[in-house]
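One-letter residues, chain by chain:
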Amino acid sequence: MKEDFKAEELIFMMKKVGLDLTSQMEAELRYENMSGPQIYFMVYLLRHHPQGTYITELCHEIGVSKSTLSMLIKKLRKAGYIVFQENPQDIRKKKLLPTQKLLDESSNFLERAEQMETKICNVLDRTEREELWKLERKLLLHLAGKEQNKERQEVTLQ
């Protein structure tokens, strides 16, 4: 029974860390009508895909569903921060690109994100950060495997 209690504490702690990170993003990065997580997503684009990318690639990289990412992108397009470039060979494939507006504001966003990251991550030394990354990745892969198995079972049952 003691082990179950520890597992419960661990799961609630992970949930709290996620919520607190979201709150920290909101407090540190919020800008005009854009939320902190929306700004942090644009920072990710600027750092990893300054020449653009595709929604499918982003889904795999950051671990969110296409529908969630599509809603985020819709908001960012409406605000004028990103644009789609259609592929002449396949109109279904649209490359996501930063607009000049995002590029003009990028130094502000990048600087604020770096300050936030330093504030959050400096509590851990390099070895601890690496170990935490490995443990989180292990959990995510495990959870993703559970979800895939669940989907396979549902398909089999139908």
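In the block above lies the structure referred to throughout.
Criteria and thresholds
Residues numbered from 1 in each chain as written. Predicted model: local features only at pLDDT ≥ 70, side-chain atom pairs only at ≥ 80, totals over all residues. Heavy atoms only, no water. Salt bridge = Lys/Arg side-chain N within 4 Å of Asp/Glu carboxyl O. Helix = DSSP H or I, 4+ residues; strand = E, 2+ residues; numbered from the N terminus. Buried < 20%, exposed > 50% of the residue type's maximum accessible area, 1.4 Å probe, protein only. Expected span 1.5 Å × (residues − 1). Bend = angle between axes of the 7 residues up to and from the residue. Phe/Tyr/Trp six-rings, centres within 6.5 Å; stacked < 30°, edge-to-face > 60°. Lys NZ or Arg CZ within 6 Å of the ring centre and 35° of its normal. Axes fitted to C-alpha atoms, helices over the stretch in contact; angles between N-to-C directions. Parallel < 35°, antiparallel > 145°, perpendicular 65-115°, else oblique. Contact = heavy atoms within 4.5 Å. Nonpolar A, V, L, I, M, F, W, Y, C, P; charged D, E, K, R; others polar.

Here the focus is the pattern of salt bridges. According to the stated counting rule, one finds 6 salt bridges in the structure shown. We note a salt bridge from glutamate 130 to arginine 126, for which the minimum N-O separation is 3.1 Å. With glutamate 130 and arginine 126 both in helix H6 (residues 126-157) and 4 residues apart, the pair spans about one turn of that helix. A residue is classified by how much of its surface remains accessible, and arginine 126, at 59% relative accessible area, is exposed.

What follows deals with helix H5 (residues 100-121). For H5, spanning 22 residues, the distance from its first C-alpha to its last is 31 Å, which sits close to the expected 32 Å at 1.5 Å a residue. In the structure, H5 departs most strongly from a straight axis at serine 106, where the bend amounts to approximately 50°. Within H5, burial applies to Leu102, Glu105, Ser106, Phe109, Arg112, Ala113, Met116 and Glu117.

Even without a glycine there, the phi angle at glutamate 32 is positive, about 50°. Residue glutamate 32 is classed as exposed on the basis of its relative accessible area of 57%.

What follows covers the packing of aromatic side chains. Evaluation of the coordinates by the stated rule reveals 2 aromatic pairs. Between tyrosine 31 and phenylalanine 109 the ring centres are 5.2 Å apart and the planes differ by 80°, which places this aromatic pair in the edge-to-face class. On the criterion of sequence distance, the pair formed by tyrosine 31 in the loop between helix H1 (2-29) and helix H2 (36-48) and phenylalanine 109 in helix H5 is long-range, its members being 78 residues apart. One aromatic cluster is present, formed by Tyr31, Tyr81 and Phe109 through successive ring pairs. Directly above the ring of phenylalanine 84 sits lysine 94, whose terminal nitrogen or CZ lies 6.0 Å from the centroid. One cation-aromatic arrangement involves lysine 101 over tyrosine 81; the distance from NZ or CZ to the ring centre is 4.5 Å.

This part is about the packing of H2 against helix H3 (residues 55-62). It is at 13 Å that the axes of H2 and H3 come closest, and there the two elements cross at 110°. Taken as axis vectors, H2 and H3 run roughly perpendicular relative to one another. Here Phe41, Tyr44 and Leu45 of H2 lie close against H3, whose contacting residues are Leu58, Glu61 and Ile62. In the contact of H2 with H3, the residues fall into 5 nonpolar, no polar and 1 charged.

Looking now at the environment of phenylalanine 109. Take phenylalanine 109: its relative accessible area is 0%, and that puts it in the buried class. Separated by 69 residues in the primary sequence, phenylalanine 109 and tyrosine 40 place their C-alpha atoms 7.9 Å from one another. Beyond its immediate sequence surroundings of up to four residues, phenylalanine 109 is in contact with Tyr31, Ile39, Met42, Val43, Tyr81 and Leu102.

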